[in-house]
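# Secondary and tertiary structure notes
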Amino acid sequence: MSAVVHRVCTLCEAHCGIQVEVEGAEVLRITGDPDDVMSRGYICPKAAALADLHEDPDRLRTPVKRVGSEFVPIGWDEALDLAARGLRDVQARHGSDAVATYLGNPGAHSSAVIAATLLRKLLGTRNNYSATSTDQLPQHRVYHELFGHFALFPIPDLDRTDHMLVFGANPAVSNGSIMTAPGARHRLRAIVERGGAVVVVDPRRTETVKHASEHVAVRPGGDPFLLLGMLHVIFGEGIEDLGRLAELTDGVEELRALAAEWSPERAAPHAGVEAETIARLAREFAAAERAVAYGRVGVCQQETGTLTHWLICALNVVTGNVDREGGSMFPTPAVDALDLLNVLFGAGERWEREPMRVSGLPGYLDEYPIAGLADEMLTPGDGQVRGLLTYAGNPVLSAPGGRRLDEAFAQLDWFVAVDLYVTETTRHAHVILPPVSQLERSDIDIVFPLVGVRNFIRFNPAALPAPAGGRTDWQILMALAGRIGRGVTGGALNRLLRLVGPAASAERLVDLALRTGPYGALKRGPMRGLTMGKVRKARHGVDLGPLRPGRLPGQLRTKGRRLRVAPAPFLAEARRLDELAAERDAALGNGFDLTLIGRRQLRSNNSWLHNSPRLMKGADRCTALLHPDDATARGLADGDQVCVTSAAGAIEVPLEVSDEMRPGVVSIPHGFGHHRDGVGWSHAAAHAGASVNDITDPARHDRLSGNAALNSVPVRVERVAAAAVAPPAQAVAALSFRA
Ligand SMILES: Nc1nc2c(c(=O)[nH]1)N[C@H]1C(S)=C(S)[C@@H](COP(=O)(O)OP(=O)(O)OC[C@H]3O[C@@H](n4cnc5c(=O)[nH]c(N)nc54)[C@H](O)[C@@H]3O)O[C@H]1N2
Ligand SMILES: Nc1nc2c(c(=O)[nH]1)N[C@H]1C(S)=C(S)[C@@H](COP(=O)(O)OP(=O)(O)OC[C@H]3O[C@@H](n4cnc5c(=O)[nH]c(N)nc54)[C@H](O)[C@@H]3O)O[C@H]1N2
Ligand code: SF4
Ligand SMILES: [Mo]
């Protein structure tokens, strides 16, 4: 007999409610849950891939250890002992910092991230890395400076705004990011349908533009200039209006002085947008009753990532659109995770740490930028990294200079990976510890309610029982923590470890946090207060209502609870904009005449959904998009195999000619390049593509945050001479498994 389990899809930040119809151990069907409080039935094609993931014969079901060039299945106790002993040995021989950790993106979609962070603390290394430094790091820096906490995220009040200005995000494809808004494209279209405006600023006419009222084809990296030009007009015409924020905000005069220098005429050539358009965008934004500017990874992954996100926030502040309905708002999550995050990430007023040993890249909170890791491994000397623990990450494909990381991982003394597959990264591991599939674990997410467009909380029950001997990420990481922590004396960490215990789940922690949170029994009384039990019973989630205004100044963690709209380091960096623009122009004259940017695709997810037959069918998707004029000028035609070369390297991909592109710009998705020897996902290897991160440059970064500048890379595009065309990527044999 079949049964239906209501849970969420955790593949992306939308966390859509799904109905999983199961019979025994088999998944019959996955559909959208029409009663889910956030998604109301919406899902994207990736939800069905949860079944492919679950059934995938290439997915690891037991731990494996490396023996020569093979992976051999072993039991859990042996695997965990071996894994922990190897890490401790490296530390015993070369010091605590000789082991690095890397937390990948899917880690954030599970409460096991708490266990991973605890494990990091117990390892006591300064060499912690994560996907953050290829993603949202500039936003953390901005929120740290402006609001006093790196995770105090301002979120667009999507369902109530009249005017939304989108920078470097494609929510119609990504389904929204740092903005949990399932069915984002429907919510965007609704803004236009109720008479409002959605303006998309993007060098490519994206899928989101189809739902918008206007597209502004900015020059890659042109956004800070565009924003300064807008602020110039707003201050110059006296149409700024901070409203209630006026008495909370410091730095308006400094911001005004900076903006005064950037007339739309001066900003226009750097922004690649006409001065009249800049002025009109400013006036329309300021005139809208309820407006919000929002930016995401397209503008994070830039040398100006922090500046751009700062100016986006500043635009919201000076038009009075922060902490107000229809503007940029702060959620009120059931689990107030800011303090927990402070404990886990060692945050607080402190941001900087000493620069990296080899590259000199800046450190932040308790991490270093992933762009600097290869150097730390390949450069001998005191402090060289010789061991690695990865959790749910594939930096060989996701970090800049992936080829060098590949080399560095190959020569490690000890590498433990917690992952579902033998990937481009984990193929170098000595031990791989695989969790059960997504459908086999229950969970409660406390991360995405921090960024929801409504307040909500949801329990996520397992759709299928875990197989005998299966372990969740939480269990694996806590078991490792138990082994690593042995011998670590004293302190709050060990007490915490005992409290939650290797066998317990995150639910115990969350129950405590719920009871003491803003909707808990302490505030609302025992009858109305939220508990884990109540959240568990609500099969479609608990709706805690629309975002609430008036969170400021209470939520501010700055000294004196002030909103600091013009932090000194940002003002100083803004003085370098001319120099940055000149460098950019010089690079384009120097043999690299095009600018490379990235793109995401609906049926793909970073590096790791390419093994799903359901998603990976049809035409080749790892292509370079180029405007017809640029193609003609180079004698190139649609379908040609082209070589894309940057200062850092070259890759070959098929060309797709498209007038979606701004002339002078080329777009290639990341996460491909599955041709490497020994990779365990056979279907992905048959559609290998090339990794764009083989040509992104680890040295290009945002100086204020250390984030990788994966976008706006100077490149050239040429036809691959017929004789030089690489043979079609072959499905490489997975490493053999000896039973
Ligand atoms: N289907 C799918 N969904 C995903 C993912 C996926 O891989 N596939 N990944 C998930 C992850 S990890 C994340 S972080 C989110 C990201 O979600 P989004 O932030 O929405 O990211 P993208 O879809 O990459 O959109 C970035 C946009 O920035 C544009 N861009 C590039 N350079 C510039 C520039 O200089 N200025 C401006 N204004 N725009 C620029 C690109 O053309 C692109 O359209 O998506 C998540 N959701
Ligand atoms: N050029 C370029 N590079 C980029 C980007 C870009 O836009 N352009 N985007 C960047 C961004 S925003 C991000 S977030 C990063 C992502 O980069 P990463 O986080 O490094 O990599 P992913 O591709 O998400 O790989 C996730 C890995 O986790 C494994 N996995 C999946 N689910 C689970 C699970 O539940 N448990 C465990 N233990 N393992 C699991 C998968 O098998 C896979 O190996 O890429 C970045 N790299
Ligand atoms: S948008 Fe798609 S991948 Fe993202 S949570 Fe919803 S169904 Fe899953
Ligand atoms: Mo991301």
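Computed from a prediction, not measured in an experiment: that's the story for all the values here.

Time to look at the sheet that holds strand S13 (residues 291-295). The strand order across the open sheet formed by four strands is S11-S10-S9-S13, and the pairing between neighbours is parallel. Looking at strand neighbours, the two that pair on one side only are strand S11 (214-216) and S13, the edges of this open sheet. On average, each strand axis in the sheet is tilted by 15° relative to the strand beside it, whichever way the strands run. Sheet topology note: the strand S9 (residues 163-167)/S13 ladder contains five bridges and is parallel. Its bridge partner lying in S13, Phe167 is registered against Gly295. Contacting S9 and strand S10 (197-201), helix H6 (residues 184-193) crosses the sheet at an angle of about 125° to S10. Against the sheet, helix H12 (residues 305-318) contacts S9 and S13, and its axis sits at roughly 175° relative to S13.

Here we come to the sheet that holds strand S27 (residues 641-646). What holds strands together in a sheet is hydrogen bonding between their backbones, with the strands either parallel or antiparallel. What the six strands build is a closed barrel, ordered S25-S29-S26-S28-S27-S30; its pairing is mixed. Put simply, the sheet's adjacent strands are angled 45° from each other on average, direction ignored. One ladder, built from two bridges, connects strand S26 (residues 624-626) with strand S29 (residues 665-667); its direction is antiparallel. Each residue of the ladder has a partner; that of Leu626, found in S29, is Val666.

Glancing now at the confidence of the model for the protein chain. Of all residues in the protein chain, 94% attain a pLDDT of 70 or more, and the chain-wide mean is 93. Overall, residues 726-739 carries pLDDT values under 50, and its contacts beyond four positions in sequence, including any with other chains, amount to 32 contacts.

Tallying each qualifying case throughout the model produces eight cavities of 30 Å³ or more. Reported here for the second largest cavity is a volume of approximately 740 Å³. Among the secondary structure elements, those contributing two or more residues to the lining of the second largest cavity are helix H3 (112-123) and helix H13 (338-345). By residue class, the composition of the lining of the second largest cavity is 22 nonpolar, ten polar and four charged.

In the vicinity of ligand 2 lie 31 residues, with Tyr102, Asn105, Ser398, Asp419 and Ser607 positioned nearest. One of the side-chain N or O atoms of Ser607 is found 2.5 Å from an oxygen atom in ligand 2. One of the side-chain nitrogen or oxygen atoms of Asn693 is found 3.0 Å away from a nitrogen atom of ligand 2. Protein chains shield 98% of the accessible area of ligand 2, which is 920 Å² for the free molecule. Residues that form the shell around ligand 2 fall into these classes: 13 nonpolar, 13 polar and five charged.

Before going further, it helps to spend a moment on the side chain of Ser328. Along the chain, Ser328 turns up in strand S14 (residues 328-329). Residue class for Ser328 comes out buried when judged on its relative accessible area of 4%. Residues within four places of Ser328 in sequence aside, it is in contact with Pro154, Ile155, Val292, Asn316, Asn321, Val322 and Asp323.

With that settled, the discussion passes to the pairing of strand S3 (residues 26-32). Taken together, the six bridges between strand S2 (residues 17-23) and S3 define a ladder with antiparallel strand orientation. Pairing of Ile18 across the sheet is with Gly32, part of S3. Between S2 and S3, which pair antiparallel one after the other, the connecting turn spans two residues, and Gly24 there sits at a positive phi close to 60°.

What follows is about the packing of helix H7 (residues 223-236) against helix H9 (residues 264-271). Packing of H7 against H9 leaves a shortest axis separation of 8 Å and a crossing angle of 165°. With respect to H9, the element H7 is oriented roughly antiparallel. Seen from above, H7 lies across H9 with left-handed handedness. Across the interface between the two elements, Phe225, Leu226, Gly229, His232 and Val233 from H7 touch Pro264, Ala267, His270 and Ala271 from H9. Residue composition of the contact of H7 with H9, by class: six nonpolar, three polar and no charged.

The rules behind these values
- Along each chain, the written sequence defines residue order, and numbers are assigned to residues from 1.
- Chain letters start at A and ligand numbers start at 1, both assigned in the order the entries are written.
- With pLDDT at 70 or above as the cut-off, local features in this predicted model cover only qualifying residues; side-chain atom pairs require 80 or more to be listed or tallied, and sums for whole chains, interfaces and linings still use all residues.
- Each side-chain value is derived from all of the structure's non-hydrogen atoms; neither hydrogens nor water enter the calculation.
- Strand pairing is assigned whenever DSSP identifies at least 2 bridges connecting the two strands.
- Numbering of helices and strands runs from the N terminus; a helix is a DSSP stretch of H or I covering at least four residues, while a strand is a stretch of E covering at least two.
- Convention adopted: a line fitted to C-alpha atoms gives each axis, helices being fitted over their contacting stretch, and angles between N-to-C directions are expressed from 0 to 180 degrees.
- The contact definition used throughout considers only heavy atoms, calling two residues in contact when any of these lie within 4.5 Å.
- By definition, pLDDT measures how confident the predictor is in each residue, and it falls between 0 and 100.
- Think of a 1 Å grid over the protein atoms and nothing else: a 1.4 Å probe that fits but is trapped marks a cavity, an open set flanked by protein within 12 Å on at least five of seven lines marks a pocket, and residues with an atom within 4 Å of a point count as lining.
- Grid points are joined across faces, edges and corners, and a volume is the space filled by probe spheres set on the points.
- Classes in brief: Ala, Val, Leu, Ile, Met, Phe, Trp, Tyr, Cys and Pro nonpolar; Asp, Glu, Lys and Arg charged; the others, Gly included, polar.
- Nearness here has a simple test: a residue counts as near a molecule or strand if at least one of its heavy atoms is within 4 Å of that partner.
- Side-chain atoms alone can form a polar contact between residues adjacent in sequence; in general such a contact is a pair of N or O atoms within 3.5 Å, and within protein one must be able to donate a hydrogen while the other accepts it.
- Working definition of accessibility: Shrake-Rupley area with a 1.4 Å probe, residue cover restricted to the visible protein chains.
- Three labels apply to residues, based on accessible area from a 1.4 Å probe with only protein chains included: buried if under 20% of the type maximum, exposed if over 50%, partly exposed otherwise in between.
- Roughly parallel means an angle under 35 degrees; roughly antiparallel means over 145; roughly perpendicular covers 65 to 115; every other angle is labelled oblique.
- Crossings are classed by handedness, with left-handed meaning an anticlockwise turn of the near helix from the far one by less than a right angle and right-handed meaning a clockwise turn.

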